[in-house]
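For reference, the chains in residue letters:
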Amino acid sequence: MFGSKCDTNIRKAWFYYPEADAKSLAAFEEQWDVPLWNELMSELDVLQRSNCSTQRVHFGLIGANAKGAGLASTLRYMTGYLSDAYAENKGFMFAGRLNYAGTRSCKARNQLGDIECFLQPLSGCTQEREQAFARYRNPNARNNRCMRNVIGTRCTSMQPYLQKKIPEKYSKQGNFWWRSAMLSYLMRLSDATEEWLSLEQLKADIGFKHPIIGVHVRHGDACHTTTRKGTCSGLSTYMQDIEAMSERYNTTRVYLSTDDEAVVREARQNTKYQFVINQQMNRKVLDSAVQIEYRRNLWDGSSDIGHGIALSTFQDVLLLAEADYLILHLLSNMSRMALELSAARRHRLVPFSSKDGPWCAHW
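Since this is a predicted model, take the numbers as computed values, not measurements.

Engineer: When you look at the overall build of the protein chain in this model, what are you seeing that I'm missing?
Structural biologist: The number of helices and strands found in the protein chain is 15 helices and eight strands. Its C-alpha radius of gyration of 20 Å places the protein chain within 12% of the 21 Å reference for a compact globule of 363 residues. Dimensions of the protein chain, computed from the C-alpha atoms along their principal axes, are close to 55 × 45 × 35 Å. Expressed as a percentage of the 363 residues in the protein chain, the buried residues total 58%. For the protein chain, the share of sequence-separated contacts (at least 6 apart) that also reach a separation of at least 24 residues comes to 74%. Computing the positive centroid from 45 side-chain charges and the negative centroid from 38, the protein chain places the two 6 Å apart.

Engineer: Looking at this model, I keep getting lost on the pairing of strand β6 (residues 274-277). Mind explaining?
Structural biologist: Consecutive residues of a regular strand have side chains that alternate between opposite faces of the sheet. In this structure, strand β5 (residues 253-258) lies alongside β6, joined through four bridges in parallel fashion. Counted as the bridge partner of Val254 is Phe275 from β6. Each parallel crossover has a hand, and the one from β5 via helix α13 (residues 261-268) to β6 is right-handed.

Engineer: For this particular structure, what's the right way to read the environment of Met187?
Structural biologist: Along the chain, Met187 falls in the loop between α8 (174-186) and α9 (191-197). Of the residues examined, Met187 reaches a relative accessible area of 8% and is grouped as buried. With 108 residues separating them in the primary sequence, Met187 and Thr79 have C-alpha atoms 9.8 Å apart.

Engineer: Teacher, can you tell me more about unusual backbone geometry here?
Structural biologist: Trans peptide bonds make up most of the peptide bonds, and negative phi angles are found at most residues other than glycine. Going from His210 to Pro211, the amide bond is cis rather than trans, its omega being -5 degrees. Among the secondary structure elements, Pro211 is positioned in the loop between α10 (199-206) and β4 (213-217). One non-glycine residue, Asn89, lies in the positive phi region at around 60 degrees. Mapped onto the elements, Asn89 comes out in the loop between α3 (71-87) and β3 (92-94). Under the relative-accessibility criterion, Asn89 is labelled exposed at 56%. Positive phi outside glycine occurs at Asn250, with the angle close to 60 degrees. Turning to its location among the elements, Asn250 is positioned in the loop between α12 (239-249) and β5. Using a relative accessible area of 69% as the deciding quantity, one classes Asn250 as exposed.

Engineer: What should I look at first to understand helix α15 (residues 333-346) in this one?
Structural biologist: The α-helix advances 3.6 residues per turn, and as a result positions three or four apart in sequence lie on the same side. A rise of 1.5 Å per residue sets the reference length of α15, with its 14 residues, at 20 Å; its end C-alpha atoms lie 20 Å apart and thus fit the reference within 8%. Taking burial as the measure, the 14 residues of α15 include 13 buried ones, the bulk of the element. Just downstream of α15 lies His347, where phi reads positive at about 60 degrees.

Engineer: Looking at this structure, how should I read the sheet that holds strand β8 (residues 352-354)?
Structural biologist: Adjacent strands of a sheet pair through backbone hydrogen bonds, lying either parallel or antiparallel. Pairing within the open sheet is mixed, and its six strands lie in the order β1-β8-β7-β4-β5-β6. The outermost strands of the open sheet, each flanked by one partner alone, are β1 (15-16) and β6. As judged from the five bridges shared by β4 and β5, these two strands associate in the parallel manner. Of the residues in β5, the one forming a bridge with Ile213 is Val254. The strands touched by α12 are β4, β5, β6, β7 (325-328) and β8; relative to β7, the strand with the most contacts, the crossing angle is about 170 degrees.

Engineer: Sorry, what's going on with the packing of aromatic side chains here?
Structural biologist: Ring pairs (aromatic) are described by centroid distance and by the angle formed between their planes. Per the stated rule, a full pass over the model turns up 19 aromatic pairs. Centre to centre, the rings of Tyr17 and Tyr249 are 6.4 Å apart; their planes meet at 85 degrees, and the pair counts as edge-to-face. Taken as a pair, Tyr17 in the loop between β1 and α1 (22-32) and Tyr249 in helix α12 lie far apart in primary sequence, 232 residues in all. Using a relative accessible area of 24% as the deciding quantity, one classes Tyr17 as partly exposed. Through a chain of ring-to-ring contacts, the aromatic side chains of Trp32, Trp37, Tyr86, Tyr170, Phe176, Trp177, Trp178 and Trp359 assemble into a single cluster. Its end group placed over the ring of Phe133, Arg97 keeps NZ or CZ at 3.5 Å from the ring centre.

Engineer: Even after reading the chapter, I still don't get the nonpolar core, so can you show me in this structure?
Structural biologist: In globular proteins that are soluble, nonpolar side chains generally tend to be buried together. Membership of the largest hydrophobic core comes to 88 residues, with the highest contact counts inside it found for Leu40, Phe118, Met187 and Leu339. Excluding its chain neighbours within four sequence positions, the residues that come into contact with Leu40 are Tyr86, Tyr170, Trp177, Trp178, Ala181 and Met182. The next biggest cluster of nonpolar side chains, apart from the first, holds 19 residues, and it includes Val215, Val217, Tyr249 and Val254.

Engineer: What am I meant to see in the side chain of Arg179 here?
Structural biologist: When you line up the elements, Arg179 lands in helix α8. Polar contacts involving the side chain of Arg179 include one to the side chain of Thr79, which spans 3.2 Å.

Rules behind the numbers
- Residues numbered from 1 in each chain as written.
- Predicted model: local features only at pLDDT ≥ 70, side-chain atom pairs only at ≥ 80, totals over all residues.
- Heavy atoms only, no water.
- Helix = DSSP H or I, 4+ residues; strand = E, 2+ residues; numbered from the N terminus.
- Rg over C-alpha atoms; globule rule 2.2 N^0.38 Å.
- Buried < 20%, exposed > 50% of the residue type's maximum accessible area, 1.4 Å probe, protein only.
- Contact = heavy atoms within 4.5 Å.
- Lys, Arg positive; Asp, Glu negative; His and termini not counted.
- Charge placed at Lys NZ, Arg CZ, Asp CG, Glu CD.
- Pairing = 2+ DSSP bridges.
- Right-handed = clockwise from strand over helix to strand, strands pointing away.
- Expected span 1.5 Å × (residues − 1).
- Axes fitted to C-alpha atoms, helices over the stretch in contact; angles between N-to-C directions.
- Phe/Tyr/Trp six-rings, centres within 6.5 Å; stacked < 30°, edge-to-face > 60°.
- Lys NZ or Arg CZ within 6 Å of the ring centre and 35° of its normal.
- Core = buried A, V, L, I, M, F, W, Y, C linked by side-chain atoms within 4.5 Å.
- Polar contact = N/O pair within 3.5 Å; in protein donor to acceptor, adjacent residues only side chain to side chain.

In structure tokens, the structure reads:
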């Protein structure tokens, strides 16, 4: 529960417009309990670097060939295993493959298919992790569905993500706090990724300044290849939320996170708001009748097209997480990820509204 009166249920709320005065912000941060958060981070550090022979090793992910589905879905999915390992007083070691690391740049770093091409090592057991990584065998799935032979019923089961799975010591903080902590720990960028992203330079180039509203307009391949086909809306659908957020928090600056060039053009025609847009992103590559995960030429190490997709996804998520106010699609893992990282960054929940439902703990 969040808010000045602890009366906002994150599992039910489609919007959250709290007061933004200094006293209220201090109260929200007190609810977050920063010392307890730091204690959990320290405990994770210890577990991830000890008892190497008993660390919980996982080889498979959701999606084709157990390499993962969408990047945000994959990362949020992995937090469930990190959480499970902590509950067992063990470290978590991922020794499988990540589709988004199947790029020429990752191959050049001798990290083809390795999540550590983008993120800091999750396990401190370097030798054991190298051995486990070498043991991986491709399960050869032909579709992007859950691979029950690799991950069991986890893809459809809510059990690992429920409140009752949170250790008692932290359970009073709630599921959103716990999942934000797991994701924050997992999402520690490698030095190479920090350099590739160049976020500070990007912000300067595009005019990303505070205060700013972050808006996620998800189109791309999902609008052509999934159950969302034919349901994706233009920017006009979001304007009422932008106007409400703008009036309440007194800003007209809007960071637009979208994979659709048509939405970018629509924003450029708007003169009431200052839309901030990452023009370096190649959106044309996402306009495909085939899901990104199925396009094998992106992930066979021969090209860096997929590398660009991965980096632009990281840029979008991190800039959304840095925004002061958010308008999201909380049925989308990318939006959930942005909200969780935003809260982890500020130690409080930022004002938000959702176009399609409340936050969900499941991947």
